[in-house]
Amino acid sequence: GFDEDFYHGTGGNNIAMQLVLDGLKIQPCSPDFIEARDAILTADSINYDGAHQCLIWETFARRGLGASAEAGGFEAFDNSRICSPLYSIVKRGPKAAQGGDTIMYVVDLFNGRSQVITNEVIIDTLPLGAVFLPDSSDCAIVEDNGILTMEVGDIAPGESWLCSYQVAIPDTPFTVIGFEDDFDPPFQSVEGTAGIGELTWRPNILFSNGGFSYHAEDTGEPSDQYLTLREPLTLEGARPALSFWQYHNLEFGVDGGVIEVNVNNQGWEDVGAAIIQNGYVDELAEDAEHPLAGRSAFTGTTRDWENVLLDLSDYTGQPFLLRFRMATNATDSIEAEEAGWYVDDLIFYDHYQTITNVACTTTSDTVQLCANVTTVISEKEIITTIEEVELAEQFTIFPNPTNGRLTVQWEGAAVFDTQLRIFSTDGRLLFQNQYNAFQREELNLSSYSPGIYLVQLQTPQGTTTQRVVIQ
């Protein structure tokens, strides 16, 4: 609590002041925000045996200085692992799969409490149409009309409990793409224009998500830049959506970007409320002195390229134009080569098909906890030509699934002028290497998150792709 005695009191305000002062003594000269944060945490460990660590972490995390934050403007809002929930459940599964696939789910419990969790039972609800494969599980599971019951029993303090199993998912429905543009030449589907000044969106090859991207510069001069579809789109599916990749490095809270649509030529409106993944960061200052002042927007700096997803159900069956809009003022710009806003890999879906699996605890001596994982379902790839069959037969990868170590091999004599690439299932290029002569490569993918990845071999005879599962 608060103590009115600023000099000799023992209240929370006295403790906070002492920690800040002692942190100043510990931190290095000219510290960044991360070093200053860590110095305060260290002071708490010295002065109070770490009694306030989690409260300090929570306070910093709310302000963007969470455990994953980095110096240079890379904010994060996550808490430290030492302050994780006392009892937790995590559900893991692939981010993407094809209709008709067999996929693996993992349930992970952790007891961080000081006492035993007793008689725990997990209720796991399968996605509609998914079929549980009984022989695939490594724990006892009883299935009843798509509901899985897992008898966990007791979990001792500090112990974990894991169970994995597989399900077969139906062939249909699957995701249907209405229109896509990877922003590589020819640049025909979008147009960059300027509302204020001369700056506008332009193709960029120096900094992209593979190939070209479109870039709006932040140079410290007033601008209002538009990247607009040249022709209206009409999406007819049951669940239309938009996906794109972005990176932005902008003056936080001042310069920013938004997404807008124009339906039936009725005028432009913001669609920030439709973003369901990686939405707007913050409101721009009311006195930012540009047309987006006071609006919610993408602003600040992303850690890396990130995938943004919008639900466009409100526009089903209606022709619309879409544009990316970035505004800047005349204050100092970000002094970095990659300053500005970049967008890449634009995909409009007529139908965006996902399945979600949910698992919940049921023990009577704690609050029920639930976790879920969502998987995007695409159409099954079918090899249709003799050349594709021959290429696929010569290209092998093993072991599959893998825990990280992967061998990529070309059967027979070495193939020349070959490129090996690895993609995430949402199209992001993760690895690329060129070979004058290729026959075998040993890869370490242990740093990749569990899920499905695409391994592609491009040869003079053609291109073949195989999927690998990382567990």
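Going by the structure above, here's the rest.
Presented here is a report on the structure given in the accompanying data block. Worth saying up front: this structure is predicted, and the values here are computed from it rather than measured.

What follows concerns the sheet that holds strand β15 (residues 256-263). On the basis of which strands lie adjacent, the open sheet formed by 5 strands has the order β10-β13-β21-β15-β16 and antiparallel pairing. On the outer flanks of this sheet lie β10 (190-196) and β16 (268-270), each paired with one strand and no other. Taking the axes of each pair of neighbouring strands and ignoring which way they run, one obtains an average angle of 30 degrees across the sheet. For β15 and β16, the ladder comprises 3 bridges, and the chain directions are antiparallel.

This part takes up the sheet that holds strand β30 (residues 451-459). As summarised here, the arrangement of the 4 strands in space is β28-β27-β30-β31, forming an open sheet in which the pairing is antiparallel. Only two strands of the sheet have a single partner each, and these edge strands are β28 (429-438) and β31 (462-470). If you compare each strand with its neighbour and ignore which way they point, the axes differ by 20 degrees on average. Where strand β27 (residues 415-424) and β30 come together, 6 bridges link them in antiparallel fashion. Note on β30: the bridge partner recorded for glutamine 419 is glutamine 458.

This part covers the packing of helix α1 (residues 12-26) against helix α2 (residues 33-48). Closest axis-to-axis distance for the α1/α2 pair is 8 Å, and the angle between their directions is 115 degrees. Classified by the angle their axes make, α1 and α2 are roughly perpendicular. At the point where α1 passes α2, the crossing takes the right-handed sense. Mapping the contact onto sequence places Ile15, Gln18, Leu19, Val20, Asp22, Gly23 and Ile26 in α1 and Ala39, Ile40, Thr42, Ala43, Asp44, Ile46, Asn47 and Tyr48 in α2. For the contact of α1 with α2, the residue count by class is 9 nonpolar, 4 polar and 2 charged.

Take the state of the cysteines next. By definition, a disulfide is the covalent link that joins the sulfur atoms of two cysteine residues. In this structure the tally under the stated criterion is 2 disulfides. Sulfur-sulfur distance for the disulfide between cysteine 139 and cysteine 163 comes to 1.9 Å. On the S-S bond that ties cysteine 139 to cysteine 163, the torsion sits near -70 degrees, and the link is left-handed. With cysteine 139 in the loop between β5 (131-133) and β6 (141-144) and cysteine 163 in strand β8 (residues 160-168), this pair connects stretches of sequence that are 24 residues apart. Each disulfide pairs two cysteine sulfurs, and for cysteine 360 the partner residue is cysteine 370, the sulfurs being separated by 2.0 Å. One disulfide, between cysteine 360 and cysteine 370, carries an S-S torsion of 110 degrees and so falls in the right-handed class. On the criterion of sequence distance, the pair formed by cysteine 360 in strand β23 (residues 354-361) and cysteine 370 in strand β24 (residues 370-378) is long-range, its members being 10 residues apart.

In the structure shown here, the tally under the stated rule is 20 aromatic pairs. On the basis of an interplanar angle of 70 degrees and a centroid distance of 5.3 Å, the ring pair of phenylalanine 187 and phenylalanine 212 is categorised as edge-to-face. Of this pair, phenylalanine 187 sits in the loop between β9 (176-181) and β10 while phenylalanine 212 sits in the loop between β11 (202-204) and β12 (213-216), placing them 25 residues apart in sequence. A relative accessible area of 29% places phenylalanine 187 in the partly exposed class. Residue classification places phenylalanine 212 among the partly exposed residues on the basis of a relative accessible area of 21%. Measuring from centroid to centroid gives 6.4 Å for tryptophan 201 and phenylalanine 324, while their planes differ by 50 degrees, and the two rings are tilted. Taken as a pair, tryptophan 201 in the loop between β10 and β11 and phenylalanine 324 in strand β21 (residues 320-328) lie far apart in primary sequence, 123 residues in all. A network of ring pairs unites the aromatic residues Trp201, Phe244, Tyr280, Phe298, Phe324 and Trp341 as a single cluster. The residue whose ring lies beneath lysine 91 is tyrosine 105, and the NZ or CZ to ring-centre distance is 4.6 Å. Lying over the aromatic face of tryptophan 268, arginine 323 brings its terminal NZ or CZ to 4.1 Å of the ring centre.

This part covers the nonpolar core. If you look at the biggest cluster of nonpolar residues, it comprises 37 residues, and the most contacted ones within it are Ile259, Phe320, Phe324 and Phe348. Where this core is concerned, the elements lending two or more residues are β12, β13 (223-229), β14 (241-249), β15, β20 (306-311), β21 and β22 (340-351). The element that contributes the greatest number of residues to this core is β21, accounting for 6 residues. Phenylalanine 320 has contacts with Pro232, Leu233, Leu235, Val261, Asn262, Val263, Leu312, Tyr315 and Phe348, leaving out every residue within four places of it along the chain. Core analysis: the next-biggest nonpolar cluster, separate from the first, contains 29 residues, Val107, Val167, Ala371 and Ile377 among them.

For the rest of this paragraph, the subject is helix α3 (residues 53-62). Of the positions making up α3, those classed as buried are Gln53, Ile56, Trp57, Phe60 and Ala61. Looking down the long axis of α3, one finds its buried residues gathered within 130 degrees of arc, a one-sided arrangement. Pointing more than 90 degrees away from the buried face of α3 are the exposed residues Leu55 and Arg62. Where α3 is buried, its residues touch α1 and α2.

Counted according to the given criterion, the structure contains 12 salt bridges. Salt-bridge contacts for aspartate 124 lead to lysine 91; the nearest nitrogen and oxygen are separated by 2.7 Å. Here aspartate 124 is found in strand β4 (residues 117-125), whereas its partner lysine 91 is found in strand β1 (residues 87-92), with 33 residues between them in sequence. Assigned by exposure class, aspartate 124 and lysine 91 land together as buried. Members of the salt-bridge network, linked through shared partners, are Asp224, Glu260, Asp270, Arg295, Arg323 and Arg325.

What follows covers the environment of leucine 55. Tracing the sequence through the fold places leucine 55 in helix α3. Residue leucine 55 is classed as exposed on the basis of its relative accessible area, which comes to 54%.

Attention shifts here to unusual backbone geometry. The peptide bond linking threonine 172 to proline 173 adopts the cis configuration, its omega dihedral lying at -5 degrees. Residue position: proline 173 is located in the loop between β8 and β9. Not every positive phi belongs to a glycine, and asparagine 264 is a case in point at roughly 55 degrees. Looking at the secondary structure, you find asparagine 264 in the loop between β15 and β16. Backbone geometry at asparagine 278 places phi at a positive 60 degrees, although glycine is not the residue there. As for its placement among the helices and strands, asparagine 278 is situated in the loop between β17 (275-277) and β18 (282-283). Relative accessible area serves as the criterion here: at 35%, asparagine 278 is assigned to the partly exposed category.

Conventions and cut-offs
- Residues numbered from 1 in each chain as written.
- Predicted model: local features only at pLDDT ≥ 70, side-chain atom pairs only at ≥ 80, totals over all residues.
- Heavy atoms only, no water.
- Pairing = 2+ DSSP bridges.
- Helix = DSSP H or I, 4+ residues; strand = E, 2+ residues; numbered from the N terminus.
- Axes fitted to C-alpha atoms, helices over the stretch in contact; angles between N-to-C directions.
- Parallel < 35°, antiparallel > 145°, perpendicular 65-115°, else oblique.
- Left-handed = near helix turned anticlockwise from the far one by under 90°.
- Contact = heavy atoms within 4.5 Å.
- Nonpolar A, V, L, I, M, F, W, Y, C, P; charged D, E, K, R; others polar.
- Disulfide = S-S within 2.5 Å.
- Phe/Tyr/Trp six-rings, centres within 6.5 Å; stacked < 30°, edge-to-face > 60°.
- Buried < 20%, exposed > 50% of the residue type's maximum accessible area, 1.4 Å probe, protein only.
- Lys NZ or Arg CZ within 6 Å of the ring centre and 35° of its normal.
- Core = buried A, V, L, I, M, F, W, Y, C linked by side-chain atoms within 4.5 Å.
- Arc of directions from axis to C-beta.
- Salt bridge = Lys/Arg side-chain N within 4 Å of Asp/Glu carboxyl O.

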